[in-house]
Amino acid sequence: MSPVFPMLTVLTMFYYICLRRRARTATRGEMMNSHRTIESNSRTSPLNAEVVQYAKEVVDFSSHYGSENSMSYTMWNLASVPNVFPSSGDFTQTAVFRTYGTWWDQCPSASLPFKRTPPNFQSQDYVELAFEQQVYPTAVHVLETYHPGAVIRILACSANPYSPILPAEVRWEILWSEKPTKVNASQARQFKPCIKQINFPTNLIRLEVNSSLLDYYTELDAVVLHGTKDKPVLSLKTSLIDMNDLEDDDYEEKDVCGMDSLNKKFSSTALGEGPNNGYFDKLPYELIQLILNHLSLPDLCRLAQTCKLLNQHCCDPLQYTHLNLQPYWAKLNDSSLEFLQPRCTLVQWLNLSWTGNRGFISVAGFSRFLKVCGSELVRLELSCSHFLNETCLEIISEMCPNLQDLNLSSCDKLPPQAFNHIAKLCGLRRLVLYRTKVEQTALLSILNFCSELQHLSLGSCIMIEDYDVIASMIGAKCKKLRTLDLWRCKNITENGIAELASGCPLLEELDLGWCPTLQSSTGCFARLARQLPNLQKLFLTANRSVCDTDIEELACNCSRLRQLDILGTRMVSPASLRKLLESCKDLSLLDVSFCSQIDNRAVLELNVSFPKVFIKKSFTQ
């Protein structure tokens, strides 16, 4: 061979590397200093044919601080151009998730974590955004206006949410992923992560967040998608491989796409016989089972391919008593459930939250799985599982007689009549109906037959006509109730509070945030303090009538109080808060944001006297 050809090959490779580097810096574009420099929601640069667009619509989300019938603090604020940026502070026109920090993990209503959750899956909430045009993404910019740093993963979907036909294959690709990190500043910023390129166009972007390290609620104002209509050079298949890219891909494959290998490996039966199993034959069966308990689900599937002995161990139903499938939401489908089905006959805890959307799981596939694997179920997590319909809840009520814990949080597509079937689950201890369309008749039936309830979440259930009637039934039937979430219930009055206080003396947690019909002048809050001495968490968020008398009653009667939110009150003084802090030695969280009598100086003085208490004081610039 002529020496010219190797030289040409080297020059070609060098030229390609230069092109890649140039594309990597040129196609991402540069974010403008503020939204004022972008004159429209979507524009195309004549220089590089790059499309820059804001989200057109919020397609789905797991939670938000706002209500279902307003725009304040809701995820819907992420659609269109920014409302606030570049200003910093607490603004109602932004998108805010329901929780922050670790406070919700430390209250009585907190659930125990699932075993075998992969350490690289740390997402707590998500929001999905649709854009006008499908593009090959070159950059995604998130405009954060308050306590930034919650976004930990950005994904793109191959499906077009505006297409009437669902494609045969729906793919999710991670554009960027990072572990939760502490951002010390609370000021606004443009978050511009370095994303990887994908080989399909998209107009559906998903942000996943983890707020555990935040000092207060994160607020997002807008999301900007940069991309090109034509396929970038970077995505062309070549023989040149960037080893750094390869390492990132490996990490992401373990994180999201484990179900691909899971489906294939569970279906494999071609295992070699082999003369013996080495030292494994000398170990007790129980010891091997104990060792395998430390493996993640994909690793368990990989190990099952090594030999028949380990295959037998890896397929033992005792390995699947706690099954968390939420980390694999992007790949879990009917085939996955079918392959898992023989191994899950003893499953007790099952997490299918976020799974099955866009046709991944069918009603028939879910029903087949529960008919085989539902008899031992004690806990079933189905948050944001939008494949659910009335048939699914009917199957749950028939196939899961031992069910004690049911989470239907944000299953807002379930029809109201579907909730009637929950009343058949008489052994329920915990029921989460946050952001569902449960109606009053169905809820009354549930409360009548599920008298063992200890934890009940009815936050943002807008179909309830009269919360006083619901509170009266709770007080009459649910004597063992320990936690109750009535966040943003629109019409409960002092009469309902009286029924709760007298009928549920074991209450340790009560969320009455954003309940506008409650007035301190009726004595309802003082009554709560006197009749519920076990209270550890009390949220009276945005009730302007809370006064010094209420705080003093809490100080005298609720010595076990740990968390108190009185955001927005005008009637509480620093003196009464000092009495509360002196009496409630376990108090760790006190939110006095927008309390007109509690200024920054008062907060600083209280912080000096009570350094172990986190006193929150939000602001608007």
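Figured I'd write up the structure that's included with this text. (Residues numbered from 1 in each chain as written. Predicted model: local features only at pLDDT ≥ 70, side-chain atom pairs only at ≥ 80, totals over all residues. Heavy atoms only, no water.)

1. Let's talk about the overall build of the protein
When its secondary structure is counted, the protein shows 16 helices and 22 strands. With 621 residues in all, the protein has 55% of them scored as buried. Of the roughly 26600 Å² of accessible surface on the protein, 54% is carried by carbon and sulfur atoms. (Helix = DSSP H or I, 4+ residues; strand = E, 2+ residues; numbered from the N terminus. Buried < 20%, exposed > 50% of the residue type's maximum accessible area, 1.4 Å probe, protein only. Areas by Shrake-Rupley, 256 points an atom, 1.4 Å probe, with all protein chains shown as cover.)

2. Re a nonpolar patch on the surface
A grouping of Phe-280, Leu-283, Leu-287, Leu-290 and Ile-291 is seen on the molecular surface, where their side chains present a nonpolar patch of about 430 Å² in accessible area. Along the polypeptide, Leu-287 turns up in helix H4 (residues 285–292). With relative accessibility at 37%, the residue Leu-287 sits in the partly exposed group. (Patch = residues over 30% accessible without salt bridge, like charges linked within 9 Å, V, L, I, M, F, W, Y side chains within 5 Å. Salt bridge = Lys/Arg side-chain N within 4 Å of Asp/Glu carboxyl O.)

3. Some remarks on helix H11 (residues 467–477)
Within the sequence span of H11, burial applies to Tyr-467, Asp-468, Ile-470, Ala-471, Ile-474 and Gly-475. Buried residues along H11 cover an arc of 160 degrees about the axis, so they all sit on one side. In this fold, the buried residues of H11 make contact with helix H10 (440–449), strand S16 (455–457), strand S17 (483–485) and helix H12 (494–503). Regarding H11, its N-cap is Asp-466, as a side-chain oxygen of that residue lies 3.0 Å from the backbone nitrogen of Asp-468 further along. (Arc of directions from axis to C-beta. Contact = heavy atoms within 4.5 Å. Polar contact = N/O pair within 3.5 Å; in protein donor to acceptor, adjacent residues only side chain to side chain.)

4. Remarks on the environment of Pro-232
Inspection of the secondary structure puts Pro-232 in the loop between strand S10 (219–228) and helix H2 (243–256). Not counting residues within four places of it along the chain, the set of residues in contact with Pro-232 comprises Tyr-136 and Gln-197.

5. Some details on the nonpolar core
Counting residues in hydrophobic clusters, the biggest one holds 111 residues, and the most contacted among them are Leu-408 and Ile-474. Among the elements that make up this core, the one with the highest residue count is H10 (five residues). Mapped onto the domain boundaries, this core takes at least three residues apiece from domain 2 (320–464) and domain 3 (479–620). Not counting residues within four places of it along the chain, the set of residues in contact with Leu-408 comprises Leu-382, Leu-388, Leu-393, Leu-414, Phe-419, Ile-422, Val-432, Leu-433, Tyr-434 and Thr-436. In terms of nonpolar packing, the next biggest core, distinct from the first, is built from 31 residues, Val-51, Phe-61, Val-142 and Trp-176 among them. (Core = buried A, V, L, I, M, F, W, Y, C linked by side-chain atoms within 4.5 Å. Domains from an automatic or database assignment.)

6. Here we look at helix H15 (residues 574–583)
Within the span of H15, buried status applies to Ser-576, Leu-577, Leu-580 and Leu-581. Across the axial projection of H15, the buried residues extend over an arc of 140 degrees, all falling on one side.

7. Looking at the environment of Gly-365
One can find Gly-365 in helix H8 (residues 363–373). Given the relative accessible area of 4%, Gly-365 is considered buried. Among all residues touching Gly-365, those that are not within four sequence positions of it are Asp-334 and Leu-337.

8. Regarding the pairing of strand S2 (residues 50–54)
Along S2, five of the five residues are buried, which leaves the element largely enclosed by surrounding structure. By the alternation rule, side chains of S2 split into Glu-50, Val-52 and Tyr-54 and Val-51 and Gln-53, which are all buried. Examined bridge by bridge, S2 and S10 share five bridges and lie antiparallel to one another. Across the sheet, Glu-50 pairs through a bridge with Thr-228, a residue of S10. (Pairing = 2+ DSSP bridges.)

9. So, the sheet that holds strand S22 (residues 614–616)
Ordered by their spatial adjacency, twelve strands build an open sheet running S11-S12-S13-S14-S15-S16-S17-S18-S19-S20-S21-S22, and the pairing between neighbours is parallel. In the strand order of this sheet, the two ends are held by strand S11 (322–324) and S22, each with one partner. The average angle at which neighbouring strand axes cross in this sheet is 5 degrees, direction not considered. As paired elements, strand S18 (residues 509–511) and strand S19 (residues 537–539) share three bridges and run parallel to each other. From the neighbouring strand, Glu-509 faces S19, where its bridge partner is Lys-537. (Axes fitted to C-alpha atoms, helices over the stretch in contact; angles between N-to-C directions.)

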